[in-house]
Amino acid sequence: MKKIILSLMCLCTAQWIYAQEAPKKETPKVSMKAVGSLSVSYNPDSESAFLNFGGPGIRLDYGKVGLSYHMFPSLRYFHGDTEDKTNLYRTRSATTPILGTGLQVHYKKFALVLPMYYLPTNNVWILSVGVGYKLK
C-alpha cells in the first residue's frame, strides 16, 4: 500500500512541476481569412487596369513577409471603343466589375499582387501585375 501511495505522490508531483513550466507560444503559420487590401494592377496586352479589393484567401506568414492566395473583387478599366462603330449595342462599358484570383506577396504593409482574370468575351485568362497596401 505504501508503494502505491508513494507512486501516486510522485506522479502528482511530476504533473505539478510539468504544469508550472511556461507554455510556449506558437503562432499559426497558415490562416484563412479575408484580408483588407487595396491594390492597382495593369495588363498591357488587354490594355486593362484593375482596382483590386482584398477578398478571402489563404495566407502563410514568415515574420514580416507573407505569401497568400486570394480572390480579388475588382473593377476593370479599359478602352471602350469597338471595331464596329456603327452598331451602338456592341459598345463596351469603360468600367466593369470582375472577380480575379491570384497571389499576393507582402512585406509589412506593402504588397505585390499577381491576379488573373477570366474574360468570357475573349475566352482567355489574363495575368496582371500590380502593387498595393495591406490594410490589416
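What counts and what doesn't
- Residues numbered from 1 in each chain as written.
- Predicted model: local features only at pLDDT ≥ 70, side-chain atom pairs only at ≥ 80, totals over all residues.
- Heavy atoms only, no water.
- Phe/Tyr/Trp six-rings, centres within 6.5 Å; stacked < 30°, edge-to-face > 60°.
- Helix = DSSP H or I, 4+ residues; strand = E, 2+ residues; numbered from the N terminus.
- Buried < 20%, exposed > 50% of the residue type's maximum accessible area, 1.4 Å probe, protein only.
- Lys NZ or Arg CZ within 6 Å of the ring centre and 35° of its normal.

Novice: I keep staring at the packing of aromatic side chains and nothing clicks. Help me out?
Specialist: Here the distance between the centres and the angle between the planes together describe a pair of aromatic rings. Under the criterion given, the structure shown has 3 aromatic pairs. Where F50 meets Y117, the ring centres are 4.0 Å apart and the plane angle is 10°; that geometry is what we call stacked. You can see F50 sitting in strand β3 (residues 48-53) and its partner Y117 sitting in strand β7 (residues 110-119), a full 67 residues away along the chain. You'll find F50 and Y117 in the same group, each marked buried. Relative to Y133, the ring of F110 lies with its centre 5.8 Å away and its plane at 70°, an arrangement referred to as edge-to-face. Here F110, found in strand β7, pairs with Y133, found in strand β9 (residues 129-134); they are 23 residues apart in sequence, far enough to count as distant. Its relative accessible area of 57% is what places F110 among the exposed residues. The class of Y133 is partly exposed, set by a relative accessible area of 39%. Its guanidinium or amino end placed over the ring of F78, R76 lies 4.1 Å from that ring's centre, counting from NZ or CZ.

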